[in-house]
Amino acid sequence: MNKLTQMTGYIEACLLKLDAEQIWQGPQNSVGNLVLHLCGNVRQWIGWSIGGQADIRRRELEFAADSRIATDELLARLNTTVGEALAVLENLPPDRLTERVATQDGERAVLEVIYQVVGHFQQHAGQIIFATKLMTGGDLQFYKKSS
């Protein structure tokens, strides 16, 4: 859970360093589209597969060029999605970790679903960080030691 929180913070910092044009730059797989994709993935894999929430994901819209939303709305969606997922995980009884649940691509153990989501989240966070560094030309200083 700490890793999801950490990566969400990194993504938020990236979004705040970019202007709206940079966030949505490119025909697809823009920073904005990657954030929408992460929201859809987390909501489906944790909210639906583990938490029993409705599966409302429309994956094709996550990558659509016309899915552009305002930066504050994008940030709110990211933080709400991750907050809801963390609530599911924080209230998850340990005996459910080996329970098998339905996912978008078959049945998996709850623990495997959690690993899948965290790994996927980190991969796309890395892409967002890299894109932000390219667009801003600067170090994001995530690992700067405080004095």
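Described below are features of the structure shown in this document. (Residues numbered from 1 in each chain as written. Predicted model: local features only at pLDDT ≥ 70, side-chain atom pairs only at ≥ 80, totals over all residues. Heavy atoms only, no water.)

### Observations regarding the side chain of His37
Put simply, the rule reads: Secondary structure follows DSSP: runs of H or I at least 4 residues long count as helices, runs of E at least 2 residues long count as strands, and numbering of each begins at the N terminus. Polar contact criterion, stated in full: a pair of N or O atoms within 3.5 Å, where within protein one must be able to donate a hydrogen and the other to accept it, and residues adjacent in sequence count only if both atoms are side-chain atoms.
Its place among the elements puts His37 in helix H3 (residues 31-48). Side chain to side chain, His37 and Arg57 meet in a polar contact 3.3 Å long.

### Notes on empty space enclosed by the protein
Under the convention used in this document: Put plainly, a pocket is an open set of points on a 1 Å grid over the protein atoms alone with protein on both sides within 12 Å along at least five of seven lines, a cavity is a set where a 1.4 Å probe fits but cannot get out, and a lining residue has an atom within 4 Å of a point. Grid points are joined across faces, edges and corners, and a volume is the space filled by probe spheres set on the points.
Under the criterion given, the structure shown has one cavity of 30 Å³ or more. Lining of the largest cavity is provided by Val42, Arg43, Ile46, Gly47, Gln53, Thr81, Glu84, Ala85 and Val88. When contributions to the lining of the largest cavity are tallied by element, the ones reaching two or more residues are H3 and helix H5 (71-90).

### What to know about the pairing of strand E2 (residues 106-109)
Which entries qualify depends on this criterion: Two strands pair under a simple rule: DSSP has to find at least two bridges between them.
Sheet topology note: the strand E1 (residues 100-103)/E2 ladder contains four bridges and is antiparallel. Bridge assignment links Ala102 to a residue of E2, and that residue is Glu107. Here E1 folds back onto E2, and the loop between the two strands holds two residues.

### Regarding the state of the cysteines
Put simply, the rule is: For the purposes of this analysis, a disulfide is any pair of cysteine sulfur atoms at a distance within 2.5 Å. Only protein chains enter the accessibility calculation, which uses a 1.4 Å probe; a residue whose area is less than 20% of its type maximum is buried, one above 50% is exposed, and one in between is partly exposed.
Summed over the entire model, instances satisfying the criterion amount to zero disulfides. We note that Cys14 lacks a disulfide partner, and the nearest cysteine sulfur, in Cys39, lies 15 Å from it. The class for Cys14 is buried, based on a relative accessible area of 0%. Judged by relative accessible area, Cys39 falls into the buried class, the value being 1%.

### Describing the layout of surface pockets
The line we're drawing: Each residue is assigned to one of three groups, with Ala, Val, Leu, Ile, Met, Phe, Trp, Tyr, Cys and Pro labelled nonpolar, Asp, Glu, Lys and Arg labelled charged, and all others, Gly among them, labelled polar.
The volume enclosed by the largest pocket comes to roughly 240 Å³. Residue lining of the largest pocket: Leu36, Cys39, Gly40, Arg43, Ile56, Arg57, Arg58, Leu61, Glu62, Ser67, Ile69 and Arg77, and that is the complete set. Listing elements by their share of the lining of the largest pocket, those giving two or more residues are H3 and helix H4 (59-62). In terms of residue class, the lining of the largest pocket is made up of five nonpolar, two polar and five charged.

### Some points on the packing of helix H1 (residues 2-17) against H5
The description of two helices packed together rests on the angle between their axes and the distance between the axes. Selection criterion: The axes used here are C-alpha line fits, helices contributing only the stretch in contact, and every angle between their N-to-C directions lies in the interval 0 to 180 degrees. The cut-offs work like this: below 35 degrees is roughly parallel, past 145 is roughly antiparallel, 65 to 115 is roughly perpendicular, and the gaps in between are oblique. Any two residues whose heavy atoms approach within 4.5 Å at even a single point are treated as in contact.
For the pair H1 and H5, the least separation of the axes is 11 Å and the interaxial angle reads 180°. One way to sum up the angle between H1 and H5 is to call them roughly antiparallel. Where H1 abuts H5, its residues Leu4, Thr5, Thr8, Ile11, Glu12, Leu15 and Leu16 lie against Thr71, Leu74, Leu75, Leu78, Asn79, Val82, Leu86 and Leu89. The residue inventory of the contact of H1 with H5, partitioned by class, reads ten nonpolar, four polar and one charged.

### Quick look at the pattern of salt bridges
Definition in use: The rule for a salt bridge is simple: a side-chain nitrogen of Lys or Arg has to be within 4 Å of a carboxyl oxygen of Asp or Glu.
Per the stated rule, a full pass over the model turns up eight salt bridges. For the salt bridge of Arg57 with Glu62, the shortest nitrogen-to-oxygen distance reads 2.7 Å. The pair formed by Arg57 and Glu62 is uniform in burial state, with each residue classed as buried. Between Arg96 and Glu99 there is a salt bridge whose closest N-O contact spans 2.7 Å. Residues participating in the shared-partner salt-bridge network are Asp105, Arg108 and Glu112.

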